[in-house]
Amino acid sequence: MPHLDAAYTFARWLTRNAHDAEDVTHEAFVRAMTFFPSHQGNEAKPWVLAIVRNTYLTRLQRAKQHPTETLDEEMHESADSGLGMSCAGELDSPEMALVRKASAQLVNRALRRVPPDAREVLILRELEELSYKEIAHIVQAPIGTVMSRLHRGRRLLREELERLDEELLR
Amino acid sequence: MRCGHVKRVLDAYIDAELSRADSDAVTAHLQSCDRCSESAEELRVVRELVRLCAARYTGPASLRSSMTSSRRMPRHRKMLTNAAYAAALALRPCRLVVVFALSVTFAIAIGVHMQRGPTDGGLATEVVSAHVRAMVTSQVAGIADGAVSNPQSWFLDRLHFVPRVTDSVSAGLQLVGWRTDFVAQQMVGVLMYMAGPHAVTIFVWPTHGGRRLPVAAGKMRGYNLVNWTSGGLFYCAVSDIDEGALYRIVLRVSGAA
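Just so it is clear, the model here is predicted, and its values are computed rather than measured. (Residues numbered from 1 in each chain as written. Chains lettered and ligands numbered in written order. Predicted model: local features only at pLDDT ≥ 70, side-chain atom pairs only at ≥ 80, totals over all residues. Heavy atoms only, no water.)

Points about the pairing of strand 7 (residues 233–239) of chain B
All names here are of chain B. The buried count for strand 7 comes to 6 of 7 residues, which makes it a mostly enclosed element. Note: strand 4 (residues 198–206) against strand 7, 7 bridges, orientation antiparallel. Across the sheet, residue Phe 203 finds its bridge partner in strand 7, namely Cys 236. Here 7 bridges tie strand 6 (residues 223–230) to strand 7, and the two strands are oriented antiparallel to one another. For Asn 227, the partnering residue across the bridge sits in strand 7 and is Cys 236. (Buried < 20%, exposed > 50% of the residue type's maximum accessible area, 1.4 Å probe, protein only. Helix = DSSP H or I, 4+ residues; strand = E, 2+ residues; numbered from the N terminus. Pairing = 2+ DSSP bridges.)

Written out as structure tokens, the structure reads:
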């Protein structure tokens, strides 16, 4: 299943919980495979991510019209998000692994505090390494907007990291 | 190119999204402008932090299996599929063709490898670390600089923590320089001493609430290491000097003596 992990990762960052991410990813792939079963290979990734995003937004709209549905961006901050994750690196001593895990938790916590429009651009750029043009297509905004969101996202992230670090040291 | 303009395009510059001409102009500006250089370094660090530390997920098994077997699909998903089929049939005459102009560099391959697991991660980690390290170790300050007389204020401008070492060291041990570095995927502060003919380097980074470590020592490839924790910071001293001498230096430098 090509790009499943990338799609699911993006869905996790959009929906902020595993259950909704799974639903969004599944629905997105059904649409993708139904409409364009011939799309394969690396060129498909930005396109798959665009469908994931559109699926997420559609469900959000639907949830607003039918309040019984549970998709709600703010309420579903997953309790386990970030746990078990650590910064990429080789196997090392227990102390180093601890330091690395703490860094990952810090970064992820800070990332979650960045506003959604800037955060999704950051994720698409740094995790999926998409070009500005590809990101602009996925988020359906001009390249200039993508650039300013990315700039704002990185700046805000740095501020959040410093703030969180201060809190920890206190 | 002026600072104001450089600031606006700095993200695009480090993301390699600028035209060749614009990129060269920024490079030229950075060579002579310390402030913009620092901003660029900070941007790169933030970028690498996200790249290395942001959570990546693997699609759960339940998701994979539900995609391949429609019989296990829950009812609402099946309804969606049927609706999608009907829509697809209606849309077929005006099928969309999506074309992306890709300028994909194969640094991406390294990123993909890093997600694969520990066996593939070693080389990728080293390569990325060396890359980041080259960017953050370009500036070395020291006593010889004249204008900068103590490392604390220099670190304050560059890191979000400040290594604490005693100023008074006796003859035989001299602080000759300091810099930042990238170790274990973190920005660290580095203090460089000379004890006679021996170089002693101390790496410092925040413990982030990790447990306090007792003074620990180790040996690796002919070098001695001594670690300690103090004030929320982790210190690691490395030198080829003999173990006993390194211990005495650590006691002096950490203010414990």
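Quick word on the pattern of salt bridges
Per the counting criterion, the structure on display carries 25 salt bridges over all chains. Across the pair Asp 23 of chain A and Arg 59 of chain A runs a salt bridge whose closest N-O atoms are separated by 3.7 Å. With Asp 23 of chain A in helix 2 (residues 18–35) and Arg 59 of chain A in helix 3 (residues 44–65), this pair connects stretches of sequence that are 36 residues apart. For the pair Asp 23 of chain A and Arg 59 of chain A, a shared accessibility class is recorded, and that class is buried. Note that Arg 125 of chain A is salt-bridged to Glu 17 of chain B, the shortest N-O span being 3.4 Å. Residue Arg 125 of chain A is located in helix 5 (residues 116–126), and its partner Glu 17 of chain B is located in the loop between helix 1 (3–14) and helix 2 (20–32); the two belong to separate chains. Assessed through its relative accessible area of 9%, Arg 125 of chain A is described here as buried. For Glu 17 of chain B, a relative accessible area of 28% gives the class partly exposed. Several salt bridges converge on common partners, so that one network encompasses Arg 125, Glu 126, Glu 129 and Arg 154 of chain A together with Asp 11, Asp 15, Glu 17, Arg 47, Glu 48 and Arg 51 of chain B. (Salt bridge = Lys/Arg side-chain N within 4 Å of Asp/Glu carboxyl O.)

Comments concerning the confidence of the model for chain B
Residue and element names in this part refer to chain B. Across chain B, pLDDT averages 70, with 63% of residues at or above 70. Within chain B, the element-level pLDDT minimum falls on helix 6 (residues 107–114), averaging 34, and the maximum on helix 2, averaging 93. In the predicted complex, the global pTM is 0.52; the interface-specific ipTM is 0.80. (pLDDT = per-residue confidence, 0-100.)

Section: the packing of aromatic side chains
According to the stated counting rule, one finds 4 aromatic pairs over all chains in the structure shown. Between Tyr 8 of chain A and Tyr 57 of chain B the ring centres are 6.3 Å apart and the planes differ by 85 degrees, which places this aromatic pair in the edge-to-face class. Of the two residues, Tyr 8 of chain A is situated in helix 1 (residues 4–15) and Tyr 57 of chain B in the loop between helix 3 (34–53) and helix 4 (61–68); the pairing between them involves two chains. The two residues Tyr 8 of chain A and Tyr 57 of chain B agree in class, both being buried. Their ring planes at 10 degrees and their centres at 4.9 Å tell us that Trp 228 of chain B and Tyr 235 of chain B sit as a pair that is stacked. What makes Tyr 235 of chain B buried here is its relative accessible area of 2%. We note Arg 12 of chain A situated over the ring of Tyr 57 of chain B; from NZ or CZ to the ring centre the distance is 4.0 Å. (Phe/Tyr/Trp six-rings, centres within 6.5 Å; stacked < 30°, edge-to-face > 60°. Lys NZ or Arg CZ within 6 Å of the ring centre and 35° of its normal.)

Section: the packing of helix 1 of chain B against helix 3 of chain B
Residues and elements named next belong to chain B. The N-to-C vectors of helix 1 and helix 3 enclose an angle of 25 degrees; their axes lie 10 Å apart at closest approach. Here helix 3 runs roughly parallel to helix 1, going by the angle between their axes. You can see that helix 1 and helix 3 cross each other, and the crossing is right-handed. Contacts from Cys 3, Val 6, Lys 7, Leu 10, Asp 11, Tyr 13 and Ile 14 of helix 1 reach helix 3 at Cys 36, Ser 39, Ala 40, Leu 43, Arg 44 and Arg 47. Broken down by class, the residue content of the contact of helix 1 with helix 3 amounts to 8 nonpolar, 1 polar and 4 charged. (Axes fitted to C-alpha atoms, helices over the stretch in contact; angles between N-to-C directions. Parallel < 35°, antiparallel > 145°, perpendicular 65-115°, else oblique. Left-handed = near helix turned anticlockwise from the far one by under 90°. Contact = heavy atoms within 4.5 Å. Nonpolar A, V, L, I, M, F, W, Y, C, P; charged D, E, K, R; others polar.)

Looking at the nonpolar core
Ranked by internal contacts, the top residues of the largest apolar core, which has 90 residues, are Val 52 and Leu 157 of chain A together with Leu 191, Tyr 193 and Ile 202 of chain B. In terms of residue count, helix 3 of chain A provides more of this core than any other element does, 9 residues in total. Excluding anything up to four places from it in sequence, Leu 157 of chain A contacts Val 107, Ala 110, Leu 111, Val 114 and Leu 122 of chain A together with Val 46 and Val 50 of chain B. Ranked by size, the runner-up nonpolar core spans 11 residues in total, among them Val 6, Leu 30, Cys 36 and Ala 40 of chain B. (Core = buried A, V, L, I, M, F, W, Y, C linked by side-chain atoms within 4.5 Å.)

Here's the deal with the side chain of Glu 120 of chain A
Residues and elements named next belong to chain A. Mapped onto the elements, Glu 120 comes out in helix 5. Given a relative accessible area of 9%, Glu 120 falls into the buried group. Not counting residues up to four positions away in its chain, the partners in contact with Glu 120 are Phe 10, Leu 14, Arg 53, Val 139 and Arg 149.

Considerations on the packing of helix 5 of chain A against helix 6 (residues 132–139) of chain A
All names here are of chain A. Between helix 5 and helix 6, the least distance of the axes is 10 Å, while the angle of their chain directions is 140 degrees. Here helix 6 runs oblique to helix 5, going by the angle between their axes. In this structure, helix 5 crosses over helix 6, and the sense of that crossing is right-handed. Facing helix 5, whose interface residues are Glu 120, Val 121, Leu 124 and Arg 125, helix 6 presents Tyr 132, Ile 135, Ile 138 and Val 139.

What to know about the environment of Leu 30 of chain B
All names here are of chain B. Along the chain, Leu 30 falls in helix 2. Leu 30 gets classed as buried once you look at its relative accessible area, which sits at 11%. Leu 30 has contacts with Leu 10, Tyr 13, Cys 36, Ser 37 and Ala 40, leaving out every residue within four places of it along the chain.

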